[in-house]
Amino acid sequence: MCSRWVVLAFCCLGQLCAGQSLKPQTAVPQLVTNNPTLTTVALEKPFCMFDSSLYPNKSYVIYLYAMKESASAISSLVTTTNSKPLNSTFQQTSGGKLGPYKAAMFNVPNCASPPKFTDVGDINKVSDILKQYLFRVGDDGTCLYDPNFLAVCNPPLTPDTTYRFKYVLVDITEGIMKDQTLWSDPIKTRRAKLPLKIDTWPGRRSGGMIVITSILSVLVFLLLAGLLASVSSAVMGSEASSAERKHVSQTIQQSEPRPQLSSE
């Protein structure tokens, strides 16, 4: 009997915590093919994640926090003791190494009218759909160096580094956190390739193909050189022939007897 009550209690607890079991996810590959990049991660916005925490006559926003996986678990809290959301910045946390920083702030996505992915085929609507559907962390390369920048700074992430992300629902009327997701699974940015290892060919080539390509290049060069030599020789021969004809013509004109004028 006691075990049944324990099971029932856990079931009820699971129902109450269902909203907090969600976590940020990377955007689907169909919409974002290159994700993550060296310095950015595209995440799905939290559609319908916080609906049960929204109340009328209240104003809400979403905070997105980011931190490096190397940050300690103790420093992963995103609120103060009185439920105030942290306003820690990228600089204050050494880019997320010391703890989470606020990477973005945006309106709560409208669960009643999510983006229609069937409209992706329309070129005029793709940009709007992507803005509604996803948020790209690390997409602002200038905010760190702009002294007049006052909004939330979302600077580029570090290549070959693992990050975690969290969405937080904030009641801006009271200035406190109302709900939050779990931290995301580890998401690693891409690693930059060394210049010597970058394949600059349209496709990979074997050693034999490289030799053949080199031989063909030399043959093409010799063919072009021979063609240029032939054209040059023809031009020079034409000029010599023209000069010779001109010389013969002048000689003939000089050898012809001139008519003498008769004196009266």
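It should be emphasised that the depicted structure is a prediction, and the values quoted were computed from it without experimental measurement. (Residues numbered from 1 in each chain as written. Predicted model: local features only at pLDDT ≥ 70, side-chain atom pairs only at ≥ 80, totals over all residues. Heavy atoms only, no water.)

### A short note on the environment of Ser75
Move 1: For Ser75, the location among the structural elements is in the loop between strand S2 (60-68) and strand S3 (101-107).
Move 2: Here the alpha-carbon distance between Ser75 and Leu98, two residues 23 residues apart in the chain, equals 7.1 Å.
Move 3: Excluding its chain neighbours within four sequence positions, the residues that come into contact with Ser75 are Leu98, Gly99 and Pro100. (Helix = DSSP H or I, 4+ residues; strand = E, 2+ residues; numbered from the N terminus. Contact = heavy atoms within 4.5 Å.)

### A word on the nonpolar core
Move 1: The biggest cluster of nonpolar side chains holds 21 residues, and the ones touching the most others in it are Leu43, Leu64, Val137, Leu157, Phe165 and Tyr167.
Move 2: Among the elements of the structure, strand S1 (41-44), S2, S3, strand S4 (134-137) and strand S5 (162-171) are those that each provide at least two residues to this core.
Move 3: In contact with Leu157, other than residues within four places in its own chain, are Leu38, Thr39, Thr40, Val41, Tyr101, Val137, Gly138, Tyr163, Phe165 and Thr189. (Core = buried A, V, L, I, M, F, W, Y, C linked by side-chain atoms within 4.5 Å. Buried < 20%, exposed > 50% of the residue type's maximum accessible area, 1.4 Å probe, protein only.)

### Some details on a nonpolar patch on the surface
Move 1: A contiguous nonpolar surface patch, about 880 Å² in accessible area, is contributed by Met209, Val211, Ile212, Ile215, Leu216, Val218, Leu219, Phe221 and Leu222.
Move 2: Here Leu219 lies in helix H3 (residues 207-255). (Patch = residues over 30% accessible without salt bridge, like charges linked within 9 Å, V, L, I, M, F, W, Y side chains within 5 Å. Areas by Shrake-Rupley, 256 points an atom, 1.4 Å probe, with all protein chains shown as cover. Salt bridge = Lys/Arg side-chain N within 4 Å of Asp/Glu carboxyl O.)

### With respect to the UniProt feature "transmembrane region" (unreviewed entry) in the protein chain
Move 1: Taking the numbering used here, the UniProt-annotated feature "transmembrane region" (unreviewed entry) corresponds to residues 209-236.
Move 2: With 100% helix and 0% strand, the stretch residues 209-236 has end C-alpha atoms that lie 40 Å from each other. (UniProt positions renumbered as here; feature names shortened; annotations may be inferred.)

### Examining the pairing of strand S6 (residues 176-180)
Move 1: Relative to S6, S5 runs antiparallel, the two being bridged by four bridges. Among the inter-strand pairings, Val168 is bridged to a residue of S6, identified as Gln180.
Move 2: Connecting the antiparallel pair S5 and S6 is a turn made up of four residues, with Gly175 showing a positive phi of about 70°. (Pairing = 2+ DSSP bridges.)

### Observations regarding the state of the cysteines
Move 1: For the structure shown, the criterion picks out two disulfides.
Move 2: The partner cysteine of Cys48 in its disulfide is Cys111, sulfur to sulfur 1.7 Å. Between Cys48 and Cys111 the sulfur-sulfur dihedral comes to about 95°; the bridge is accordingly right-handed. Of this pair, Cys48 sits in the loop between S1 and S2 while Cys111 sits in the loop between S3 and helix H2 (123-133), and the two are 63 residues apart along the sequence. (Disulfide = S-S within 2.5 Å.)

### Considerations on the packing of aromatic side chains
One pair of aromatic rings is described through two measures. These are the centre distance and the angle between the planes.
Move 1: Under the defined criterion, the tally for this structure stands at five aromatic pairs.
Move 2: Between the aromatic rings of Tyr63 and Tyr65, the centroid separation amounts to 6.3 Å while the plane-to-plane angle is 65°, which identifies the pairing as edge-to-face.
Move 3: Owing to a relative accessible area of 0%, Tyr65 belongs among the buried residues under this scheme.
Move 4: Judged by centre distance (5.2 Å) and plane angle (85°), the ring pair of Phe90 and Tyr101 falls under edge-to-face. Of this pair, Phe90 sits in the loop between S2 and S3 while Tyr101 sits in strand S3; the two residues are 11 residues apart in sequence, bridging distant segments of the chain.
Move 5: Put simply, the rings of Phe106, Phe135 and Tyr167 touch in pairs and so form one group of aromatic residues.
Move 6: Over the ring of Phe106 we find Lys45, and its NZ or CZ is 5.0 Å from the ring centre.
Move 7: Looking at Lys102, its charged tip hangs above the ring of Tyr63, at a distance of 4.1 Å from the centre. (Phe/Tyr/Trp six-rings, centres within 6.5 Å; stacked < 30°, edge-to-face > 60°. Lys NZ or Arg CZ within 6 Å of the ring centre and 35° of its normal.)

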